[in-house]
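Per-entry structural report
Okay, here's what each chain looks like letter by letter:
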Amino acid sequence: MRLSSYVNQINQNFVENMSSDNASSLEQGLKNGMDAVMGRLPGQSITGEVLMRDGSDILISLGENQLLQAKLEGSMSAQPGQLLTFQIKNNSNSKIVLSPLFENLSQDPNVSKALQAAGIPETNITAGMVKAMMQEGLPIDKQSLYQMNRIINANPQVSMETLVQMQRMNLPITKETIFQFEAYKNYQHQLSTSLSDIADAFTQSFQEMTGSGEITEGLGFYKNVLSILTEGAGAKGEVGSAQGEEQLLQNPADQGEHTASSTSGKNAASQVQTQPPLLPEKELEGLVRALKNADVPDKIVGAVAQNRMSGQALLQEIEKLLSEDAVPDKEKFFELLESREFKHVLKNEMNRQWLMLPEEVAEEHSVDKLYERLNSQMNRLNQALAQNAKADTPLAKAVANVTSNIDFMNQLNQTFTYVQIPLKMQGKDANGELFVYTNKKSLARKDGSVSALLHLDMEYLGSLDVYVALNDRKVSTKFYLKDDTALDLIAQNIDLLNKRLEDRGYSVNAEFINRDEGTNMMGEMLKQNKNISVLAGYSFDARA
């Protein structure tokens, strides 16, 4: 603030009390004020009287011959004669940043009038409520204030900021949605992590049941879970139908002979070899031993040993044995289900069904189908847990968290276009999020452009943000990573992506930017359609 340009506009009473050498007194007052603030620690507060305001520039008196010049960011109602209290945010390098405290709001006439009109007592809490509503662009009419005050009173343990933000986003305010909202804000919302928790917690729940001597009950619960995983087999294109299962259980020679009638022997051999290995060789040997020890039929053991059975087909066979009560020795069968190798088969199948390969994401409706499958399976898992009186176990909590997360995403999608994509990458699972910067009512801005953000968390690249803007046939991309090596890796391989887009008729421009922190998707959504009102978003930046 160039204070010298309007020294003569300072409150006349203040000027008259100065010595004849006004400029010198002013300079000394400013020096004294800066010294007073620089002598305090960040987090401490100061109180001063506003002497004058000219647009965003203000002059504050901190005490006798202590002045502070500051720039007001925003439109706070700071008027001459008003006392304001600030918290010192930073006072290093001759730069002072001050933040106004809540008690200032009660002195603002707009806050008082709004609360009086609504018949709500004026306290620090209600004044803070008005501030939060203004910051989020919410109306502060009588009905809106009364409704918000009722919500805050009904949820005393929840932060006011969370409740006001949820109200602006038209989200239902319940225990579950509050939990999910704060998880999204704190970056603890990843669906892929919750799905992995289910696989781990299932084993624990099974151990608890059988460990207490309830082997029959435990096997029944296991059967129900396998039934859920194997229902509608082949949903992702793997073997699981009756025909596919029959082919897998044939011996290699028969399979080649059978296929040769309709195709060449070379193609037949190729079909057999494309079956992915059920487990690494050593683990496969351990699984075969466990199957034999549990007296599983030789036909199944042989198919597993010769790698002619998918994980889903094996789970189908085990589920049949449990359903038909064809388990000759329950103790031995329990040992099979508890074996490390069989647990790996089970977890691999869960991952296959619940995580997407990168190439699958591009398939039409693939994400929709994933969530349809997750919804159906989580609901059935909840029912199975309720039947076995296991509603308060780690497994039940993990399933409930996934269900709640999906429900919350559905709520978000009433307004925003957002989805999580749990991904299965080479060697490590990853979590992806896609957010389109547009209101659901209009999928493109007035200029016809569409922009989106893809956020990925990966083991080797770390946090990756890709901003994509599409205008007509022009695609602009910005890649943000926190590691220079990862940026170089992306830059070296960007030609592969560009060529694919150019083959489809798009022109592409890419930028690569280093950034320390990844994007918080909830933060991005909170920025959208935010009409800030008069008192919102203010702070003071005081400079020497």
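Residues numbered from 1 in each chain as written. Predicted model: local features only at pLDDT ≥ 70, side-chain atom pairs only at ≥ 80, totals over all residues. Heavy atoms only, no water.

Our next topic: the overall build of the protein. Helix and strand counts for the protein come out as 22 helices and 12 strands. Residue pairs at least 24 apart in sequence account for 64% of intrachain contacts in the protein once pairs closer than 6 positions are excluded. When the accessible surface of the protein is summed, it comes to about 27900 Å², and 48% of that surface belongs to carbon and sulfur atoms. (Helix = DSSP H or I, 4+ residues; strand = E, 2+ residues; numbered from the N terminus. Contact = heavy atoms within 4.5 Å. Areas by Shrake-Rupley, 256 points an atom, 1.4 Å probe, with all protein chains shown as cover.)

Right, let's get into the nonpolar core. Core analysis: the biggest nonpolar cluster contains 116 residues, and L287, V304, L314, I318, F333 and L336 have the highest contact counts within it. The element best represented in this core is helix 20 (residues 394-412), accounting for 9 residues. Setting aside anything within four residues of it in sequence, one finds V304 in contact with L278, L284, L287, V288, L291, M309 and L314. Core analysis: the next-biggest nonpolar cluster, separate from the first, contains 14 residues, V37, L62, F86 and I96 among them. (Core = buried A, V, L, I, M, F, W, Y, C linked by side-chain atoms within 4.5 Å. Buried < 20%, exposed > 50% of the residue type's maximum accessible area, 1.4 Å probe, protein only.)

So, about the pairing of strand 1 (residues 45-54). Relative to strand 2 (residues 57-63), strand 1 runs antiparallel, the two being bridged by 5 bridges. Residue M52 lies in a different strand from strand 2, and its bridge partner there is L59. (Pairing = 2+ DSSP bridges.)

On average, residues of the protein score 78 in pLDDT, and 77% of them reach the 70 mark or higher. Note that residues 237-273 has pLDDT below 50 and, in this model, 39 contacts with residues that lie over four places away or in other chains. Ignoring residues within four places in sequence, the model shows residues 531-544, a span with pLDDT below 50, making 58 contacts including any to other chains. (pLDDT = per-residue confidence, 0-100.)

To continue, consider the packing of aromatic side chains. Evaluated as defined, the whole model comprises 10 aromatic pairs. Three or more aromatic residues link up through ring pairs in this structure, and these residues are F416, F435, Y437, Y467 and Y480. The ring of Y506 has R473 lying over it, and the distance from NZ or CZ to the ring centre is 4.0 Å. The ring of Y480 has R515 lying over it, and the distance from NZ or CZ to the ring centre is 4.1 Å. (Phe/Tyr/Trp six-rings, centres within 6.5 Å; stacked < 30°, edge-to-face > 60°. Lys NZ or Arg CZ within 6 Å of the ring centre and 35° of its normal.)

Let us now look at the sheet that holds strand 6 (residues 417-424). The strand order across the open sheet built from 6 strands is 6-7-8-9-10-11, with neighbouring strands paired in mixed fashion. With one partner strand each, in any of the chains shown, strand 6 and strand 11 (507-514) form the two edges of the open sheet. On average, adjacent strands in this sheet sit at an angle of 15° to one another, irrespective of strand direction. Pairing geometry for strand 8 (residues 450-458) and strand 9 (residues 462-471), over 9 bridges, is antiparallel. Residue pairing in the sheet places D457 in a bridge with S463 of strand 9. Sitting on the sheet, helix 21 (residues 484-503) is in contact with strand 10 (474-481) and strand 11, with an inclination near 170° to strand 11. (Axes fitted to C-alpha atoms, helices over the stretch in contact; angles between N-to-C directions.)

With that settled, consider the side chain of T126. Within the secondary structure layout, T126 lies in helix 4 (residues 124-135). Not counting chain neighbours up to four residues away, the residues in contact with T126 comprise L115, I120, P121 and N149.

A separate point is the packing of helix 16 (residues 330-338) against helix 17 (residues 340-354). Two numbers describe how helix 16 lies on helix 17: the axes approach to 5 Å, and their chain directions differ by 60°. The angle between helix 16 and helix 17 places the two elements in the oblique class. Of helix 17, the residues touching helix 16 (which contributes L336, L337 and E338) are R340, F342 and K343. (Parallel < 35°, antiparallel > 145°, perpendicular 65-115°, else oblique.)

Here the structure, examined in full by the defined rule, presents 12 salt bridges. For the salt bridge of E136 with R168, the shortest nitrogen-to-oxygen distance reads 2.8 Å. Linking E136 in the loop between helix 4 and helix 5 (142-154) with R168 in helix 6 (residues 160-168), this pair joins segments that are 32 residues apart in sequence. Pair check on accessibility: E136 and R168 agree, each one buried. Here the residues in one salt-bridge network are E283, R340 and E341, joined through shared partners. (Salt bridge = Lys/Arg side-chain N within 4 Å of Asp/Glu carboxyl O.)

Quick look at the pairing of strand 8 now. Where burial is concerned, most of strand 8 is hidden: 7 out of the 9 residues are buried. In terms of strand pairing, strand 7 (residues 429-436) meets strand 8 through 6 bridges, oriented antiparallel. Bridge pairing links N431 to D457 in strand 8. Between strand 8 and strand 9, which follow one another and run antiparallel, lie 3 residues.

A word on unusual backbone geometry. You will see that D295, though not glycine, has its phi angle at about 60°, which is positive. Along the chain, D295 turns up in the loop between helix 13 (281-293) and helix 14 (298-305). Under the relative-accessibility criterion, D295 is labelled partly exposed at 43%. In the Ramachandran plot, N307 falls in the positive-phi region, its phi being about 55° despite a non-glycine side chain.

For helix 5, with 13 residues, the first-to-last C-alpha span of 18 Å sits near the 18 Å given by 1.5 Å per residue. The complete set of buried residues in helix 5 reads S144, L145, M148, N149, I151 and I152. Take helix 5 and look down its axis: the buried residues cluster within an arc of 160°, on one side only. Structural note: helix 5 exposes K142, Q143, Y146, N153 and A154 on the side pointing more than 90 degrees away from its buried face. The N-capping residue of helix 5, defined by a side-chain oxygen 3.1 Å from the backbone nitrogen of Q143, is D141. (Expected span 1.5 Å × (residues − 1). Arc of directions from axis to C-beta. Polar contact = N/O pair within 3.5 Å; in protein donor to acceptor, adjacent residues only side chain to side chain.)

So, about the environment of G55. Looking at where G55 falls in the secondary structure, it is placed in the loop between strand 1 and strand 2. Expressed as a C-alpha distance, the spacing of G55 and K71, which sit 16 residues apart in the sequence, is 9.1 Å.

A pair of packed helices can be characterised by two numbers: the angle between their axes and the separation between those axes. Where helix 4 contacts helix 5, the axes come no closer than 11 Å and their chain directions differ by 115°. The handedness of the crossing between helix 4 and helix 5 is right-handed. Here T126, M129, V130 and M133 of helix 4 come into contact with helix 5, specifically with S144, L145, M148, N149 and I152. In terms of residue class, the contact of helix 4 with helix 5 is built from 6 nonpolar, 3 polar and no charged. (Left-handed = near helix turned anticlockwise from the far one by under 90°. Nonpolar A, V, L, I, M, F, W, Y, C, P; charged D, E, K, R; others polar.)

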